[in-house]
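Geometric and topological summary
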Amino acid sequence: MILPLLLFFACNDDDNGTERLDLLTAHVWQSDQLLVNDVDASGPGQMLEAFKGEARFNRDGTGTFGSYTGTWNFAQNQTQLVIQSPSLDFPLITNIVELTATSLVITTSIPNPEAPQQPFNIRMSFIPK
């Protein structure tokens, strides 16, 4: 009697992992809002300008993220998205706030070298293209 319950819960975990992978990779995502400390930072010369445009998350872990090309992977039981690119100084580790068929929202915080007590709080949202 316990074996069927274990199989049921094991299958549900696999389905959730597949569902998140399918949602992320099923679309070409278009940047919607690129915010730093709740202010648009997608314009020329601004911090998130290079993330503006399309984001593609391929099933093989490669992708494009605005003007960046690199790799991505899930972390922390698929609650985080890690983006790496030779053009980035460090892996961008983000929290997945929302991942649905109509919305991808990720957040992260990075140090502010000019004001260490005031990090840059980043929120990027995307919609399917």
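Structure's up top.
Residues numbered from 1 in each chain as written. Predicted model: local features only at pLDDT ≥ 70, side-chain atom pairs only at ≥ 80, totals over all residues. Heavy atoms only, no water.

Here the focus is the overall build of the chain. Scanning the chain for helices and strands turns up one helix and nine strands. Put simply, the chain runs from its N terminus to its C terminus through helices and strands in the order α-β-β-β-β-β-β-β-β-β. Buried positions account for 38% of the 129 residues belonging to the chain. A separation threshold of at least 6 residues defines the contact pool for the chain, and within that pool the share at least 24 residues apart is 40%. A total of about 7,900 Å² of accessible surface is found on the chain, and carbon and sulfur atoms cover 55% of it. (Helix = DSSP H or I, 4+ residues; strand = E, 2+ residues; numbered from the N terminus. Buried < 20%, exposed > 50% of the residue type's maximum accessible area, 1.4 Å probe, protein only. Contact = heavy atoms within 4.5 Å. Areas by Shrake-Rupley, 256 points an atom, 1.4 Å probe, with all protein chains shown as cover.)

With that settled, the discussion passes to the pattern of salt bridges. Any two side chains of opposite charge can pair, so long as their charged atoms come close to each other. Scanning all chains against the criterion turns up three salt bridges. A salt bridge links Arg56 to Glu54; the nearest nitrogen and oxygen atoms lie 2.9 Å apart. Using a relative accessible area of 37% as the deciding quantity, one classes Arg56 as partly exposed. Under the relative-accessibility criterion, Glu54 is labelled partly exposed at 23%. (Salt bridge = Lys/Arg side-chain N within 4 Å of Asp/Glu carboxyl O.)

Another aspect to go through is the nonpolar core. Core analysis: the largest hydrophobic core is formed by 28 residues, its most contacted members being Leu24, Phe51, Phe57 and Met124. In terms of residue count, strand S9 (residues 120-128) provides more of this core than any other element does, four residues in total. (Core = buried A, V, L, I, M, F, W, Y, C linked by side-chain atoms within 4.5 Å.)

Turning our attention to the packing of aromatic side chains. Summed over all chains, the structure comprises four aromatic pairs. On the basis of an interplanar angle of 50° and a centroid distance of 5.4 Å, the ring pair of Phe57 and Phe65 is categorised as tilted. Summarising the burial analysis for this pair, Phe57 and Phe65 share the class buried. Ring geometry for Trp72 versus Phe74: centroids 5.3 Å apart, planes at 85°, classification edge-to-face. Counting every residue linked through ring pairs, the aromatic cluster contains Phe57, Phe65, Trp72 and Phe74. (Phe/Tyr/Trp six-rings, centres within 6.5 Å; stacked < 30°, edge-to-face > 60°.)

Let's shift gears to unusual backbone geometry. Backbone geometry at Asn37 places phi at a positive 50°, although glycine is not the residue there. Relative to the helices and strands, Asn37 is located in the loop between strand S1 (28-36) and strand S2 (39-40). Unusually for a residue other than glycine, Gln76 sits at a positive phi of about 50°. Take Gln76: it is sitting in the loop between strand S5 (68-75) and strand S6 (80-84).

Moving on to the environment of Thr107. Structurally, the position occupied by Thr107 is in strand S8 (residues 104-110). Remark: the alpha-carbon pair of Thr107 and Val36, spanning 71 residues in sequence, is separated by 9.8 Å. Beyond its immediate chain neighbours, meaning those up to four positions away, Thr107 contacts Ile93, Thr94, Asn95, Val97, Ile122 and Arg123.

Attention shifts here to the environment of Tyr68. Note on placement: Tyr68 falls in strand S5. In this structure Tyr68 comes out as buried when scored by relative accessible area, which is 15%. Counting along the chain gives 17 residues from Tyr68 to Phe51, while the straight-line C-alpha distance between them is 7.2 Å. Contacts of Tyr68, omitting those with residues within four sequence positions, involve Ala50, Phe51, Gly63, Ser85, Ser87 and Leu88.

Don't take any of this as a statement about function, it's just geometry.
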